[in-house]
Amino acid sequence: MNPSYYFKEFLRYLKTAKSAVFSSTVVIALSVLLLGIFLTISINSVKLLKLIRDKVEIDAYLNDGIQPGALSRLSADIKTIGGVKNVTYISKDEAAKIFAQDFGQDILEVFDYNPLPASLKINLYDEYKTIDRIEKIKGELVKYKEINDVVYAQKNLEILERNSQSLVFLNLSLFVIITFSSIFLVGNTIRLMIQSKKDTIEIMKLIGSTKETIRTPFIMEGFFQGFLGSILAVIILQIFLSYFYSTYTNNDFNFTIMDTKFLILLVIFGTLLGTLGSAISLRKYLRLY
Amino acid sequence: MINFDSISFSYPSKELFNNIGFKIDKGEFVFLIGESGTGKTTLLRMINMELFPSTGEVVVYGYNSKNIKKPEIPLLRRKIGFVFQDYKLLNDRDVFENVALPLYLAGLKPDVIKKKVFNILNEVGVFDSYKKFPVELSGGEQQRVSIARAMVNEPYILIADEPTGNLDPFVSFEIIKLLLNINLKGTAVFIATHNYDIVKRLKGKRLLQIKDKKVLDVVIKEQG
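Here the structure is a predicted model, which means the values were calculated and not measured.

### Some words on the overall build of chain A
For step 1, the next point in the chain: Of the regular secondary structure elements, chain A holds 10 helices and four strands.
For step 2, the next point in the chain: Each helix (α) and strand (β) of chain A, taken in turn from the N terminus, gives the series α-α-β-α-β-α-α-β-α-β-α-α-α-α.
For step 3, the next point in the chain: Here the C-alpha atoms of chain A give a radius of gyration of 31 Å, more than 25% beyond the 19 Å that 2.2 N^0.38 yields for 289 residues.
For step 4, the next point in the chain: In chain A, which comprises 289 residues, the proportion classed as buried is 41%.
For step 5, the next point in the chain: Across chain A, the fraction of contacts at a sequence separation of at least 24, relative to all contacts at a separation of at least 6, is 83%.

### Some points on the packing of aromatic side chains
Residues and elements named next belong to chain A.
For step 1, the next point in the chain: Inspection of every chain in the model, using the stated rule, returns 19 aromatic pairs over all chains.
For step 2, the next point in the chain: On the numbers, 6.1 Å between centres and 50 degrees between planes, the contact of Phe111 with Tyr113 is tilted.
For step 3, the next point in the chain: Judged by relative accessible area, Phe111 falls into the partly exposed class, the value being 37%.
For step 4, the next point in the chain: By relative accessible area, Tyr113 is classed as exposed at 51%.

### Overview of the domain arrangement of chain A
For step 1, the next point in the chain: Assigned domains of chain A: these are domain 1 (3-51 + 160-285) and domain 2 (57-152).
For step 2, the next point in the chain: Distance from the C-alpha centre of domain 1 of chain A to the C-alpha centre of domain 2 of chain A: 53 Å.

### Concerning the interface of chain A and chain B
For step 1, the next point in the chain: Of the residues lining the interface, 20 residues belong to chain A; the matching set on chain B comes to 19 residues.
For step 2, the next point in the chain: Buried surface at the junction of chain A and chain B, summed over both partners, amounts to about 1,800 Å²; 63% is from carbon and sulfur atoms.
For step 3, the next point in the chain: Across the chain A-chain B interface, the total number found is three salt bridges.
For step 4, the next point in the chain: Inspection of the chain A/chain B interface yields four residue pairs in polar contact (both at pLDDT 80 or more).
For step 5, the next point in the chain: Sorting the residues of the side of chain A that touches chain B by element identifies α1 (3-16) and α8 (198-206) of chain A as the ones contributing at least two each.
For step 6, the next point in the chain: Examining the composition of the side of chain A that touches chain B, we find that six residues originate from one element, α1 of chain A, more than from any other.
For step 7, the next point in the chain: Grouping the constituent residues of the side of chain A that touches chain B by class yields eight nonpolar, six polar and six charged.

### Observations concerning the nonpolar core
Residues and elements named next belong to chain B.
For step 1, the next point in the chain: Val99, Val117, Ile147 and Leu179 are the most contacted members of the largest nonpolar core, which totals 40 residues.
For step 2, the next point in the chain: If you list the elements that add at least two residues to this core, you get β3 (29-33), α3 (95-105), α4 (110-124), α5 (139-151), β7 (157-161), α6 (169-184), β8 (188-193) and α7 (196-201).
For step 3, the next point in the chain: Considering every element that reaches this core, the biggest residue donor is α6, with seven residues.
For step 4, the next point in the chain: Residues within four places of Ile147 in sequence aside, it is in contact with Val83, Val124, Ile175, Leu178, Leu179 and Ile182.

### A closer look at the sheet that holds strand β4 (residues 55-60) of chain B
All names here are of chain B.
For step 1, the next point in the chain: Spatially, the four strands line up as an open sheet ordered β2-β1-β4-β5, and their pairing is antiparallel. Edge positions in the open sheet fall to β2 (14-24) and β5 (63-64), since each of these has one partner strand only.
For step 2, the next point in the chain: In terms of strand pairing, β4 meets β5 through two bridges, oriented antiparallel. Bridge pairing in β5 places Val59 opposite Asn64.
For step 3, the next point in the chain: Here helix α1 (residues 40-47) sits on the sheet in contact with β1 (2-11), β2 and β4, set at roughly 125 degrees to β1.

### A few points about the side chain of Ser24 of chain A
Residues and elements named next belong to chain A.
For step 1, the next point in the chain: Among the secondary structure elements, Ser24 is positioned in helix α2 (residues 18-54).
For step 2, the next point in the chain: Given a relative accessible area of 1%, Ser24 falls into the buried group.
For step 3, the next point in the chain: When near neighbours in sequence (up to four residues on either side) are disregarded, Ser24 contacts Thr189, Ile190, Met193 and Gln225.

### A closer look at unusual backbone geometry
Residues and elements named next belong to chain B.
For step 1, the next point in the chain: Positive phi, normally seen in glycine, also occurs at Met49, with a value near 60 degrees.
For step 2, the next point in the chain: Mapped onto the secondary structure, Met49 falls in the loop between α1 and β4.
For step 3, the next point in the chain: Since its relative accessible area comes to 1%, Met49 is described here as buried.
For step 4, the next point in the chain: A positive phi angle, close to 50 degrees, is found at Asp212, a residue other than glycine.
For step 5, the next point in the chain: For Asp212, the location among the structural elements is in the loop between β9 (206-211) and β10 (214-219).
For step 6, the next point in the chain: By relative accessible area, Asp212 is classed as exposed at 68%.

### Side note on the confidence of the model for chain A
For step 1, the next point in the chain: Overall, the prediction assigns chain A a mean pLDDT of 87, with 97% of residues at 70 or greater.
For step 2, the next point in the chain: The secondary structure element of chain A with the lowest average pLDDT is helix α5 (residues 107-110) of chain A, at 81, and the one with the highest is strand β3 (residues 119-124) of chain A, at 94.

### Here we look at the pattern of salt bridges
For step 1, the next point in the chain: Enumeration over the complete set of coordinates arrives at 25 salt bridges over all chains.
For step 2, the next point in the chain: In this structure, Glu9 of chain A engages Arg93 of chain B in a salt bridge whose closest nitrogen and oxygen atoms are separated by 2.9 Å. Highlighted residues: Glu9 of chain A in helix α1 and Arg93 of chain B in the loop between β6 (80-83) and α3, drawn from two different chains. The same class applies to Glu9 of chain A as to Arg93 of chain B, namely buried.

Rules and cut-offs
- Residues numbered from 1 in each chain as written.
- Chains lettered and ligands numbered in written order.
- Predicted model: local features only at pLDDT ≥ 70, side-chain atom pairs only at ≥ 80, totals over all residues.
- Heavy atoms only, no water.
- Helix = DSSP H or I, 4+ residues; strand = E, 2+ residues; numbered from the N terminus.
- Rg over C-alpha atoms; globule rule 2.2 N^0.38 Å.
- Buried < 20%, exposed > 50% of the residue type's maximum accessible area, 1.4 Å probe, protein only.
- Contact = heavy atoms within 4.5 Å.
- Phe/Tyr/Trp six-rings, centres within 6.5 Å; stacked < 30°, edge-to-face > 60°.
- Domains from an automatic or database assignment.
- Buried area = accessible area lost by both parts, 1.4 Å probe.
- Salt bridge = Lys/Arg side-chain N within 4 Å of Asp/Glu carboxyl O.
- Polar contact = N/O pair within 3.5 Å; in protein donor to acceptor, adjacent residues only side chain to side chain.
- Nonpolar A, V, L, I, M, F, W, Y, C, P; charged D, E, K, R; others polar.
- Core = buried A, V, L, I, M, F, W, Y, C linked by side-chain atoms within 4.5 Å.
- Pairing = 2+ DSSP bridges.
- Axes fitted to C-alpha atoms, helices over the stretch in contact; angles between N-to-C directions.
- pLDDT = per-residue confidence, 0-100.

Structural data, given as structure tokens:
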């Protein structure tokens, strides 16, 4: 079959079913847009959780009057505990400075003396930032007589652990729901469009068209709608995300805009949606052929 | 050319044929008559391999209903010219494009297609309407276009399912005259109809009559 025949038929279908083509393209664009927004929110929420987790550390408050030699030994010992990444000494004076930074007031103005203890700030490797593992490390730390108290953001970590699991579940569920509703919606819209061409398909079959001859222009149409719809979606998504980027990016959190690779994947998804939607919808009319 | 051998056919709710058999040879002109619902269209659809018999076999140009492969069905249909009561023209294309379609499907070159289409349009008498769309044509003209489309591939047989069903008596007879002319040039013609007036006027032609789930093979008697 001459390729120009397919191209002419494809153009004819576009011309004679303008409103149906428009509807399918819009539905594909909306589906891809929805998926793109969801994935962006999902990736950024996971990133936000990671940021919060990164800030988890242990403060080991020291008794007063520790000699420098003992302090060095203690730091070195703590470094050997499994999961400890590094240990930083915060002296009483440094603690006072941090207080002043955080609360905007000199501690000596509040009290006549500096009640803040010296401490060791203990950073952990990411995989050790769970309540169970931190508790084990805490158990090791309290054995040292130089250490008076060990604290970490236990409640925050509890909330984080609980919510990160829910978030992963929510993200996965939403991903499945959005993907399947997109396929269902697009499939139905394309099916309606092909249904309007039912008579044409029937006549083509009766006069000796092969399956491929009937199918190819419809597949081209599905491809075109999918491609156009997803390109539209990607453009709208970029505009939308640029706004979010400027609004929600600050020193602590860098809002991630999807890169080119991700946008290409979205276009491929939308194009496949249109193409497969056409192919699957046509099967009904070509089944007994 | 066409051979129905020991054919039985049933729909879930109704048995239509019980062990029927007949042949149609090259160049014949055959009417198929029968009351409504006796299975005229079903029988024609078996020739086109749209439907398959429950038992027995239909052989059309060597294609056997028992073992024809799905990809062979379009090839068979290209050898048969089919004319329908409701014309089945594609409303989104003009007369030329409707008639040219089987030739595009056969992969012919545009200049050959043009020549063949204009020749056949001239032959069936709708040459002037080649740029018109089906909705702009009368019923008789649409049926002529449908016949042109069926004949443009130069099939061995033209099958017409109630070709005059939607036409007035005068136009109906014009269409039958056109089919007779086509037959005179060597193409076999097989017409299913319940228009007995037309059948009676064509003496000496072969007649297949569906009655009591059987097909009776008779010749229309000459009067007098």
